[in-house]
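In case you want the letters, here they are:
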Amino acid sequence: TAPAVAKQKPPPAAAPPDTTAPITFRDEGKALQIHFGKNKLATYIYQHGQVKRPFFAHVKSLSGKQVTRNFPPGKSDRQDHADMHPGIWLAFGDLDGEDFWRIKGRVVHKGFTEAPTGGPGFGSFSQHKSYQRADGSVVCFEYFRSVIRVLEEGYLLQWESTFLSQEGDTFYFGDQEEMGLGIRVATEIAELKSGQITDSEGRRGAKQVWSQPSKWCDYSGTIGDERIGMTILCHPDNFRESWMHARNYGVI
């Protein structure tokens, strides 16, 4: 006799998102609340007393599941780098000798050069920032433009930053691990739990991906019956591929 096999129907496929739903912004004075239709999408905090640089926090999938770690970390989260890894951010461990990654220097919001503007499946804003040393002197300025585009597969958060010196002064970007765009995924999809890191060259896992150059790097996992995550896509016009500082506890 053959053993009985219990059969179970697969869960129904989720309906694709309405890509024409509007992206809207609400400015609360120190943060932008970003919504896609009725769902919260993210919070862009541009002034924070403890994290001395702007960042995206509480970033969610189109279905509403949170993709980034809670900020501040909750009781069920890993507590490491609580202020340095708030969600999605841009920071440099060595920018003209000052450490903005470890929040020794301060990135100051100077104003929006393009007001937050939303529309069907699209939203954007532009911001002027000042990079200041611990003593208050200015290293350089950043002009940041963020564009959100909704796709059936998810959404693109496009990040374009231009750095300019003050009055013709020179400045440099140092050579160390903590330099550039960073993401911290939800604790549940970190590699230490259900998650997996994959890059454009087919490498898998933090040990294989860490310190290697690639065109893109994905960090994703499963929460409930939904696979969610984030992918850093390096622009093809960059002067070289980026090295990926990938860690099993949830950061790229």
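Remember, predicted model here, so these are calculated numbers, not experimental data. (Residues numbered from 1 in each chain as written. Predicted model: local features only at pLDDT ≥ 70, side-chain atom pairs only at ≥ 80, totals over all residues. Heavy atoms only, no water.)

Caption draft 1: Focus on the side chain of R69. Inspection of the secondary structure assignment puts R69 in the loop between β4 (55-57) and β5 (88-92). No salt bridge forms around the buried R69; measuring N to O, its nearest opposite-charge neighbour D80 is 4.0 Å away. One polar contact links the side chain of R69 to the main-chain carbonyl oxygen of H85, over a distance of 3.3 Å. (Helix = DSSP H or I, 4+ residues; strand = E, 2+ residues; numbered from the N terminus. Buried < 20%, exposed > 50% of the residue type's maximum accessible area, 1.4 Å probe, protein only. Lys, Arg positive; Asp, Glu negative; His and termini not counted. Salt bridge = Lys/Arg side-chain N within 4 Å of Asp/Glu carboxyl O. Polar contact = N/O pair within 3.5 Å; in protein donor to acceptor, adjacent residues only side chain to side chain.)

Caption draft 2: Broad picture of the nonpolar core. Among the nonpolar cores identified, the biggest contains 36 residues, and I34, Y44, F56 and I252 are the most heavily contacted of them. Elements with a contribution of two residues or more to this core: β1 (23-27), β2 (31-36), β3 (39-45), β8 (138-151), α1 (206-209), β13 (216-223) and β14 (226-233). Those residues in contact with I34, other than ones at most four positions away along the chain, are I23, T24, F25, K40, L41, A42, Y44, F56 and I148. Counting residues in each nonpolar core, the second largest holds 13 residues, with W89, W101, I103 and Y249 among its members. (Core = buried A, V, L, I, M, F, W, Y, C linked by side-chain atoms within 4.5 Å. Contact = heavy atoms within 4.5 Å.)

Caption draft 3: Region of the structure containing the packing of aromatic side chains. As enumerated under the stated definition, the model contains 18 aromatic pairs in all. Measuring from centroid to centroid gives 5.7 Å for F92 and F163, while their planes differ by 80°, and the two rings are edge-to-face. Placement of F92 in strand β5 and of F163 in strand β9 (residues 154-164) is noted, with a sequence separation of 71 residues between them. Note on F92: relative accessible area 8%, which makes it buried. When the centroid spacing of 5.8 Å and the interplanar angle of 65° are considered together, the rings of F171 and F173 count as edge-to-face. Take F171: its relative accessible area is 21%, and that puts it in the partly exposed class. The side chain of K129 reaches across the aromatic face of F144, ending 4.5 Å from its centre. (Phe/Tyr/Trp six-rings, centres within 6.5 Å; stacked < 30°, edge-to-face > 60°. Lys NZ or Arg CZ within 6 Å of the ring centre and 35° of its normal.)

Caption draft 4: Just empty space enclosed by the protein, in detail. Counted by the stated rule, this structure contains 1 cavity of 30 Å³ or more. If you add up the space inside the largest cavity, you get close to 50 Å³. I34, L41, A42, F56, V59, I148, Y155 and L157 together form the lining of the largest cavity. Listed by contribution, the elements that provide at least two residues to the lining of the largest cavity are β3 and β9. When its residues are assigned to classes, the lining of the largest cavity shows 8 nonpolar, no polar and no charged. (1 Å grid on protein atoms, 1.4 Å probe; cavity = no way out; pocket = protein on both sides within 12 Å on 5 of 7 lines; lining within 4 Å. Points joined across faces, edges and corners; volume = space filled by probe spheres on them. Nonpolar A, V, L, I, M, F, W, Y, C, P; charged D, E, K, R; others polar.)

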